[in-house]
Amino acid sequence: DFLGILRRDEALAREVDRSVLGKLRFANERRVEFAGYDAQTRVARVLRELAAAYGERSGNQVTLNWPLTQTELASLSSVAEPTVQKALRRLRESGVIATGYRSLTIQNFSKLNELAGP
């Protein structure tokens, strides 16, 4: 039934194609990142992506207005939770981020972007 609908509705078929291709592209980028970057860089890259997609920017500062747990960040970065804790501590100590209970503010997006790499 689904394939029949796609054959009849070209616009819908293009949107489904676009969605599937986007997911494949994202998955391939993740595989390359995980093989080519250390854990600290992967955490920085995930934070940069989240900030770009969901953050509220004010100058060089970006606030994530929804709660993100360390467990979720570890999963998105494909690292262990203690590794995320270390990465966040380093980012806090260097003034790149500020964290609170289920809150995260990127205080220096330029520095985060530099740490995340290309």
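Residues numbered from 1 in each chain as written. Predicted model: local features only at pLDDT ≥ 70, side-chain atom pairs only at ≥ 80, totals over all residues. Heavy atoms only, no water.

1. A few points about the pairing of strand 2 (residues 61-64)
Phase 1 of the analysis: Because side chains alternate across strand 2, one face comprises the buried residues V62 and L64, and the other comprises Q61 and T63, none of which is buried.
Phase 2 of the analysis: Sheet topology places strand 1 (residues 56-58) next to strand 2; 3 bridges connect them, and they run antiparallel. Across the sheet, residue R57 finds its bridge partner in strand 2, namely V62.
Phase 3 of the analysis: As consecutive antiparallel partners, strand 1 and strand 2 are separated by 2 residues, and within that stretch G59 has a phi angle of approximately 70°, a positive value.
Phase 4 of the analysis: Note that strand 2 and strand 4 (residues 103-106) share 3 bridges and pair antiparallel. Note that in strand 4 the partner of L64 across the bridge is L104. (Buried < 20%, exposed > 50% of the residue type's maximum accessible area, 1.4 Å probe, protein only. Helix = DSSP H or I, 4+ residues; strand = E, 2+ residues; numbered from the N terminus. Pairing = 2+ DSSP bridges.)

2. Let's talk about a positive patch on the surface
Phase 1 of the analysis: Among the surface-exposed residues, K86, R89, R90 and R92 lie close enough to one another that they form a single positively charged patch.
Phase 2 of the analysis: Here R92 shows up in helix 5 (residues 81-93).
Phase 3 of the analysis: Judged by relative accessible area, R92 falls into the partly exposed class, the value being 34%. (Patch = residues over 30% accessible without salt bridge, like charges linked within 9 Å, V, L, I, M, F, W, Y side chains within 5 Å. Areas by Shrake-Rupley, 256 points an atom, 1.4 Å probe, with all protein chains shown as cover. Salt bridge = Lys/Arg side-chain N within 4 Å of Asp/Glu carboxyl O. Lys, Arg positive; Asp, Glu negative; His and termini not counted. Charge placed at Lys NZ, Arg CZ, Asp CG, Glu CD.)

3. Re the environment of R45
Phase 1 of the analysis: Its place among the elements puts R45 in helix 3 (residues 39-54).
Phase 2 of the analysis: In the structure, R45 is positioned 22 residues away from P67 in sequence and 18 Å away in space, judged by C-alpha atoms.
Phase 3 of the analysis: One polar contact links the side chain of R45 to the main-chain carbonyl oxygen of P118, over a distance of 2.6 Å. (Polar contact = N/O pair within 3.5 Å; in protein donor to acceptor, adjacent residues only side chain to side chain.)

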